[in-house]
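The chain contents come next:
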Amino acid sequence: MPKIIGGSLEEHRERTREKIFAALGELLESQEFETITFSKIATAAGVGRTAMYNHFTDRETLLVEYAIHETTDYIAQLKAGVSDSATPRDAVIAYIRTQLDLTVTFHVPETASRATLTPETAARMREHVILIEKVLIDIVTAGVAAGDFRADLDVPATVRIINGLLVGSSAKRYDRAALEAFVLRGLGAKA
């Protein structure tokens, strides 16, 4: 009989998932997703292989849930970074700074983002990106409504472009002030 960790079955399940996510994250730092088996993850996490199947039906489901799990803390940090902003303009600057400070790559290792996934799983992986985009969509939408930004903006497309500038290894090479000014000009922000 496996030993229960935590004070309740619910806490045990959550701790086990955390161990699995941590093990997967470590493995993804050095290996391609396609080479990582449930057995490798179970060994790295210190859980039985059957525990893997008790939590995740397959590797792709695990990858999607891992990405969403990692996104939760990331979004909380993004929201905290922009929470004290007095105006949408200030919030955009805070968003840019927070994104660049948090990471220059997505919180899901690049080896996972290169994984060959079914179209259904790829669509589900996009869910974690949508959650991040929503933070900036809300800011830009508020700025358009307040008249701080151009009224003719295609907000979803604009947000994807801005996030494209902020994610990846090239982001750290940008001069922050120039990047902020560029984004604000693109939004049509008033000086």
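For the structure, check the block above.
Definitions and cut-offs
- Each chain carries its own residue numbering, running from 1 in the written order of its sequence.
- Per-residue local features of the predicted model are confined to residues with pLDDT of at least 70, and side-chain atom pairs are confined, for both listing and counting, to 80 or more; whole-chain, interface and lining totals are unaffected and use all residues.
- Excluding hydrogens and water, the side-chain figures rest on all heavy atoms present in the structure.
- The angle between axes fitted to the seven-residue stretch ending at a residue and the seven-residue stretch beginning at it gives the bend at that residue.
- Helix numbers and strand numbers start at the N terminus; a helix is a DSSP run of H or I with at least 4 residues, a strand a run of E with at least 2.
- Classification of residues uses two cut-offs on accessible area relative to the type maximum, computed with a 1.4 Å probe and protein chains only: under 20% is buried, over 50% is exposed, and between them is partly exposed.
- It only takes one pair of heavy atoms within 4.5 Å for two residues to be counted as in contact.
- What a helix should span is 1.5 Å times the count of its residues minus one.
- One speaks of a salt bridge when a side-chain nitrogen belonging to Lys or Arg is within 4 Å of a carboxyl oxygen belonging to Asp or Glu.
- Here is the rule: rings of Phe, Tyr and Trp (six-membered ring for Trp) pair when centre to centre is within 6.5 Å. Planes less than 30 degrees apart are stacked, more than 60 are edge-to-face, and the remainder are tilted.
- Only when the NZ of Lys or the CZ of Arg is both within 6 Å of the ring centre and within 35 degrees of the ring normal is a charge said to sit over the ring.

What is the right way to read helix H7 (residues 119–145) from this model?
What sets the pattern is the α-helix's 3.6 residues per turn: residues three or four places apart point alike. For H7, the principal kink sits at Glu 133 and spans about 30 degrees. Among all positions in H7, only Thr 121, Met 125, His 128, Val 129, Ile 132, Glu 133, Val 135, Leu 136, Ile 139, Val 140 and Gly 143 are buried. Of the surrounding elements, those touching the buried residues of H7 are helix H4 (59–82), helix H5 (88–102), helix H8 (155–166) and helix H9 (176–187). At the C-terminal side of H7, Gly 147 shows a positive phi close to 80 degrees.

Please clarify how H5 should be interpreted in this entry.
Over its 15 residues, H5 runs 20 Å from end to end, which matches the ideal 21 Å to within 8%, given 1.5 Å per residue. Of all the positions in H5, only Pro 88, Ala 91, Val 92, Ile 93, Ala 94, Tyr 95, Ile 96, Thr 98, Gln 99 and Leu 100 are classed as buried. Packed against the buried residues of H5 are H4, H7, H8 and H9.

Is there a simple way to think about the environment of Gly 46 in this case?
Its place among the elements puts Gly 46 in the loop between helix H2 (38–45) and helix H3 (49–55). In this structure, the C-alpha to C-alpha distance between Gly 46 and Ala 23, residues 23 residues apart in sequence, is 8.8 Å.

Where do I start with the pattern of salt bridges in this structure?
Scanning the entire structure with this criterion turns up six salt bridges. Across the pair Arg 97 and Glu 180 runs a salt bridge, and its minimum N-O distance is 2.8 Å. Of this pair, Arg 97 sits in helix H5 while Glu 180 sits in helix H9, placing them 83 residues apart in sequence. Owing to a relative accessible area of 9%, Glu 180 belongs among the buried residues under this scheme. The salt bridge involving Arg 150 is made with Asp 152; its shortest N-O contact spans 2.8 Å. Judged by its relative accessible area of 36%, Arg 150 is partly exposed.

Please clarify how the packing of aromatic side chains should be interpreted in this entry.
What describes a pair of aromatic rings is the distance from one ring centre to the other and the angle between the planes of the rings. Following the criterion strictly, the structure yields three aromatic pairs and no others. Both rings, one in Phe 21 and one in Tyr 66, keep their centres 6.1 Å apart while their planes meet at 50 degrees; by these two values the pair is tilted. Taken as a pair, Phe 21 in helix H1 (residues 9–30) and Tyr 66 in helix H4 lie far apart in primary sequence, 45 residues in all. Ring centres of Phe 38 and Tyr 53 lie 4.7 Å apart, and the angle between their planes is 55 degrees; on these two criteria the pair is classed as tilted. Linking Phe 38 in helix H2 with Tyr 53 in helix H3, this pair joins segments that are 15 residues apart in sequence. Among the aromatic residues, ring-to-ring pairing joins Phe 21, Phe 56 and Tyr 66 into one connected group. Looking at Arg 59, its charged tip hangs above the ring of Phe 33, at a distance of 4.3 Å from the centre.

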